[in-house]
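Residues per chain are reported as follows:
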Amino acid sequence: MITPILLCGGSGTRLWPLSRKSYPKQFSPLVGTTSLFQASAQRLSGPEFAAPMVLTNADFRFIVTEQMTEVGIDPGAILIEPEGRNTAPAILAAALWLEKTNPDALMLVAPSDHVVPDATAFRAAVAAGLPAAKAGQLVTFGIRPTHAETGYGYLELAENPGECEARPLKLSRFVEKPDAARAKEMLQAGTYLWNAGIFLFSVKAILAAFQAHASDLMKQVGQAVEDAQTDLGFLRLAPEPWGRAEDISIDYAVMERAENLSVVPFAAGWSDLGGWDAVWRETNPDAHGVVTHGHATALDCEDSLLRSEDQRLELVGIGLKNIITVAMPDAVLVADASRAQDVKQAVAALKAKQAKQATAFPKDHRPWGWFESLVIGNRFQVKRIVVHPGAALSLQSHHHRAEHWIVVEGTARVQIDETEQLVTENQSVYIPLGAKHRLENPGKVPMVLIEVQTGSYLGEDDIIRYEDIYSRN
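Each chain has its residues counted from 1, following the order in which its sequence is written. Local features in this predicted model are restricted to residues of pLDDT 70 or higher, and side-chain atom pairs are both shown and tallied only at a pLDDT of 80 or more, whereas totals for entire chains, interfaces and linings draw on every residue. To get the side-chain values, all heavy atoms of the structure are used, and hydrogens and water are removed first.

Domain assignment breaks the protein into domain 1 (2-266), domain 2 (277-340) and domain 3 (363-467). Domain ranges listed in this record stem from an automatic or a database domain assignment. Centre-to-centre, using C-alpha coordinates, domain 1 lies 31 Å away from domain 2. Here, residues are in contact when the closest pair of their heavy atoms is within 4.5 Å. Taken together, the contacts link 13 residues of domain 1 with 13 residues of domain 2. Summed over both partners, the interface of domain 1 with domain 2 buries about 990 Å², with 62% contributed by carbon and sulfur atoms. We count a salt bridge whenever a side-chain nitrogen from Lys or Arg sits within 4 Å of a carboxyl oxygen from Asp or Glu. Linking domain 1 to domain 2 there are 2 salt bridges. Residues Arg-20 and Asp-330 are paired through a salt bridge, measuring 2.8 Å at the closest nitrogen-oxygen approach. Side-chain atoms alone can form a polar contact between residues adjacent in sequence; in general such a contact is a pair of N or O atoms within 3.5 Å, and within protein one must be able to donate a hydrogen while the other accepts it. One can count 2 residue pairs in polar contact (both at pLDDT 80 or more) joining domain 1 with domain 2. Here the residues of the side of domain 1 that touches domain 2 are counted per class, giving 9 nonpolar, 1 polar and 3 charged. Note on terms: buried area is the combined drop in 1.4 Å-probe accessible area of two parts once they are placed together, counting the loss on both. When residue character is reported, Ala, Val, Leu, Ile, Met, Phe, Trp, Tyr, Cys and Pro are called nonpolar, Asp, Glu, Lys and Arg charged, and the others, Gly included, polar.

So this is what it looks like as structure tokens:
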């Protein structure tokens, strides 16, 4: 059986403002009704696959389990990276863990933010690479280029792949992201494929490759796996040795140095959604080249993308040409389509001016559900809070604020100091400053309440936790 390894710790700044550090693109339904992460998990499921292993960070661990539950997939091990160290340490950690639990396994490593419309064709490509992987080859998957893309790395083949039939071919070398002129030359040559960053190999083969080409990583990552701690079903890699591991990609650490490389061409459609121009291509532009999403209207526009990500916000474009517009409740992006790859520069500029929109998502996702701020004043804040069925906030108190809760959907079980009560729709309860309190949803449907905070300081760090079922400090 093949063990899928889903990598989902990235931030995807080129898809700002929808993708942010606190809630990156892999968890959003950019194309279709499921998130990119959910679609990836579904694509790598079936009788030939074992339960997927996921590598992510602590902030996303409950989002991962929630989204997999929504699509009916039971994950295998979920490894928590203490900090981002790129793909080489992540893949090595997965291999070392499998060496302990299933040393004869084959690993299919895939980023969780890609779009592959034809899942059946992709699984056929994986099957085509199996004999090479079982023979000890490190198999990568190359995408037949459709245009002279400068945002991807390339794979140079030893022979022309023809119609890109799925079969293992010899890989000559990895090529860095080219400039426009070089990308056009490679497209015309016909012997180059896009580097999808998807790999298939045995545990034994990849560990041997790391030992031969990146032995320093073996020591640090090996120690992080050896000293890992279990936490509510997750496996937390040890932070101290992990932090000493080199921040390096699998391409640089191993693939560009190894000789036992094969590539399987894939021509059935793929995108890593590396920019809003890619989202535009993947969401079926109309006869005028226009894509609208959500509450968006285009009048006399051409080759443009208009997305409204809030039902309360109507976005209207008039006479636009080659324009990308993405509207969120707290930020709006307007860009020339030719500058789609420069959106990350906007994120850097926002970080420099300490704008919270650079990294913080309007909805703050928590293990128990999510909340969003509706109104913020000098000494008050109004929030909408949604609590999943059976979920509960921590037992907590605040130094600087009091709270007033009004239940608008469902039923809440509320504890205030030693008193516990049920609060139903249209009822409210007051939590004095300093009181220990907890909120729980005992029902079978999401519970929604409006929270009014009043006080001298309303920051999220004004929380003293006494008990928490999610083991947050």
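Moving on: a nonpolar patch on the surface. The grouping of Leu-299, Val-316 and Ile-318 at the surface amounts to a nonpolar patch, some 290 Å² of accessible area in total. Runs of H or I in DSSP of at least four residues are treated as helices and runs of E of at least two as strands, each being numbered from the N terminus. Mapped onto the fold, Leu-299 is located in strand E13 (residues 296-299). Exposure classes here rest on a 1.4 Å probe applied to the protein chains alone. A residue is buried below 20% of its type maximum, exposed above 50%, and partly exposed in between. A relative accessible area of 41% places Leu-299 in the partly exposed class. Residues forming no salt bridge and having over 30% relative accessible area are the ones grouped into patches, like charges within 9 Å of each other and nonpolar side chains (Val, Leu, Ile, Met, Phe, Trp, Tyr) within 5 Å. Areas reported here follow the Shrake-Rupley algorithm with a probe of radius 1.4 Å; residue values treat only the protein chains shown as occluding.

As summarised here, the arrangement of the 4 strands in space is E12-E14-E16-E17, forming an open sheet in which the pairing is mixed. Each having just a single partner strand, strand E12 (290-293) and strand E17 (332-336) make up the two edges of the open sheet. The mean inter-strand angle of the sheet, taken between neighbouring strand axes irrespective of direction, is 5 degrees. Should DSSP find at least two bridges between two strands, the strands are regarded as paired. Bridge count for E12 against strand E14 (residues 304-308) is 4 bridges, and the pairing is parallel. From the neighbouring strand, Thr-292 faces E14, where its bridge partner is Leu-306. Throughout, an axis means a line fitted to C-alpha atoms (over the contacting stretch in the case of helices), and angles, computed between N-to-C directions, take values from 0 to 180 degrees.

Turning next to the packing of aromatic side chains. Aromatic contacts are taken between Phe, Tyr and Trp rings whose centres are within 6.5 Å, Trp giving its six-membered ring; a plane angle under 30 degrees counts as stacked, one over 60 as edge-to-face, and the others as tilted. Counting across every chain of the model gives 12 aromatic pairs. Taking 6.1 Å as the distance between ring centres and 45 degrees as the angle between the ring planes, the aromatic pair formed by Phe-122 and Phe-141 counts as tilted. On the criterion of sequence distance, the pair formed by Phe-122 in helix H4 (residues 119-134) and Phe-141 in strand E5 (residues 138-143) is long-range, its members being 19 residues apart. Looking at Phe-122, the relative accessible area reads 4%, which means it is buried. Here the aromatic rings of Phe-122 and Phe-266 are separated by 5.8 Å at their centres, their planes lie at 85 degrees, and the arrangement is edge-to-face. Taken as a pair, Phe-122 in helix H4 and Phe-266 in strand E11 (residues 261-266) lie far apart in primary sequence, 144 residues in all. Each member of the pair, Phe-122 together with Phe-266, is buried. Grouping aromatic residues by their ring pairs yields a cluster made of Tyr-23, Phe-27, Phe-37, Phe-60 and Phe-361.

Tallied over the entire structure, the rule returns 23 salt bridges. Notably, a salt bridge pairs Lys-100 with Glu-226, separated by 3.1 Å at the nearest N-O pair. With Lys-100 in helix H3 (residues 87-101) and Glu-226 in helix H7 (residues 215-226), this pair connects stretches of sequence that are 126 residues apart. Residues Asp-364 and Arg-366 are paired through a salt bridge, measuring 3.0 Å at the closest nitrogen-oxygen approach.

UniProt positions are given in the numbering used here, feature names are shortened, and annotations may be inferred rather than shown by experiment. Residues given the UniProt feature "domain: MannoseP isomerase/GMP-like beta-helix" (unreviewed entry) here are residues 297-350. Between the end C-alpha atoms of residues 297-350 there is a gap of 28 Å, over a span that is 15% helix and 41% strand.

Here we come to unusual backbone geometry. In this structure, the amide linkage connecting Trp-16 to the following residue, Pro-17, adopts the cis form with an omega of 10 degrees. At Asn-284, a position not held by glycine, the phi torsion is positive, near 55 degrees. Looking at where Asn-284 falls in the secondary structure, it is placed in the loop between helix H10 (276-282) and E12.

The next subject is the nonpolar core. For this analysis, a nonpolar core means a set of buried residues of the types Ala, Val, Leu, Ile, Met, Phe, Trp, Tyr and Cys, connected via side-chain atoms within 4.5 Å. With 89 residues, the main nonpolar core has Leu-108, Phe-141, Leu-200, Trp-276 and Leu-439 as its most contacted residues. No other element matches the 6 residues that H4 contributes to this core. Grouped together as the second largest cluster of nonpolar side chains are 52 residues, Leu-96, Val-203, Leu-207 and Ala-245 included.

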